[in-house]
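Next come the chains, spelled out residue by residue.
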Amino acid sequence: MNQDRRDRLRDAAVAVLAESGGRGLTHRAVDAAAAVPTGTAKNYFPTRDALLRAVAERCVEQYRALAASLAGAGPGPADPQQLVALLAGLLRDVAGPGRPRVLAYLELQTEGTRRPWLAGLLDPIAAADFAAHAHLLRGAGLPAGPEQARALTLALHGAIPHLLSGAPATLAAAGLDDLDRFARGVLAAVCPEEMP
């Protein structure tokens, strides 16, 4: 099989899932989004489960690429203010260029409640966030125990649906209308004695 075409179909499937949700993810919709002849997606991914698996694998690859680019950007934040900037930047990515990937991932999580094999594919992404946030806290000179890593991870994960909906009153109520202030507030709640 042609790997470039396969990747094009997987990227199109991510976009379709983000745009149209689980019900809209069909082989025909993927063909149309990828601008390939009808039946192409079905040739590569013969069943709905195969199509969902392809999207999940692509989301995992994209997550790992993002994590690798952050890791390759240097040693990471060396102090709390740098960590605030990094966290705010990650949240901006969720609301901006990373939005389709994150929407598709959330749709897959919902599908995973009915398909345990799918939840198993996605589990490494969420699990890795706890360790990654502990690493970031430690690098910034903040307490990085399991409690702090959990609190930070769950606060950021909880912000994501609100960022994606973009509802102004909700964003303001959650403090997400100023992502730098939000990130600073989360760190102050997670590490109250260390944050100014």
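Our structure is the block above this text.
Given the structure is predicted, the values throughout are model-derived calculations rather than measurements.

### Section: the overall build of the protein
- Scanning the protein from N- to C-terminus turns up 10 helices and 0 strands.
- Mapped from its N terminus to its C terminus, the protein presents α and β elements in the order α-α-α-α-α-α-α-α-α-α.
- Along the first, second and third principal axes, the C-alpha set of the protein runs to 60 × 35 × 30 Å.
- Out of the 196 residues in the protein, the part that is buried amounts to 41%.
- Relative to all contacts within the protein whose residues are 6 or more apart in sequence, the contacts with residues 24 or more apart total 66%.

### A word on the environment of F182
- Mapping F182 onto the fold places it in helix 10 (residues 179-190).
- Along the sequence, F182 and E107 sit 75 residues apart, while their C-alpha atoms lie 25 Å from each other.
- Ignoring sequence-local partners within four residues, the contact set of F182 consists of L91, A155, L156, A159, A174, G175 and L176.

### Let's talk about helix 2 (residues 27-34)
- Of the residues making up helix 2, those classed as buried are H27, V30, D31 and A34. What you see down the axis of helix 2 is that its buried residues fit within an arc of 100°, all on one side. Relative to its buried face, helix 2 has exposed residues pointing more than 90 degrees away, namely R28 and A32.
- Residue A35 follows helix 2 closely and has a positive phi angle near 55°.

### Observations regarding unusual backbone geometry
- Although it is not a glycine, A35 adopts a positive phi angle of roughly 55°.
- Mapped onto the elements, A35 comes out in the loop between helix 2 and helix 3 (40-44).
- Judged by relative accessible area, which is 60%, A35 ranks as exposed.

### Some points on the side chain of T153
- By secondary structure assignment, the location of T153 is in helix 8 (residues 146-165).
- Those residues in contact with T153, other than ones at most four positions away along the chain, are D129, F130 and H133.

### Describing the packing of helix 1 (residues 3-24) against helix 2
- It is at 8 Å that the axes of helix 1 and helix 2 come closest, and there the two elements cross at 125°. As the angle between them shows, helix 1 and helix 2 are arranged oblique. At the point where helix 1 passes helix 2, the crossing takes the right-handed sense. Facing helix 1, whose interface residues are R8, L9, A12, A13, V16 and G24, helix 2 presents A29, V30, D31, A33 and A34.

### Examining helix 8
- The end-to-end C-alpha distance of helix 8, which contains 20 residues, comes to 30 Å, matching closely the 28 Å that a straight helix rising 1.5 Å per residue would cover.
- Within helix 8 the residues assigned to the buried category are Q148, A149, L152, T153, L156, A159, I160, L163 and L164.
- Elements in contact with the buried residues of helix 8: helix 5 (80-95), helix 6 (99-112), helix 7 (116-139), helix 9 (168-174) and helix 10.
- Among the residues trailing helix 8, G166 stands out with phi positive, at a value near 65°.

Criteria and thresholds
Residues numbered from 1 in each chain as written. Predicted model: local features only at pLDDT ≥ 70, side-chain atom pairs only at ≥ 80, totals over all residues. Heavy atoms only, no water. Helix = DSSP H or I, 4+ residues; strand = E, 2+ residues; numbered from the N terminus. Buried < 20%, exposed > 50% of the residue type's maximum accessible area, 1.4 Å probe, protein only. Contact = heavy atoms within 4.5 Å. Arc of directions from axis to C-beta. Axes fitted to C-alpha atoms, helices over the stretch in contact; angles between N-to-C directions. Parallel < 35°, antiparallel > 145°, perpendicular 65-115°, else oblique. Left-handed = near helix turned anticlockwise from the far one by under 90°. Expected span 1.5 Å × (residues − 1).

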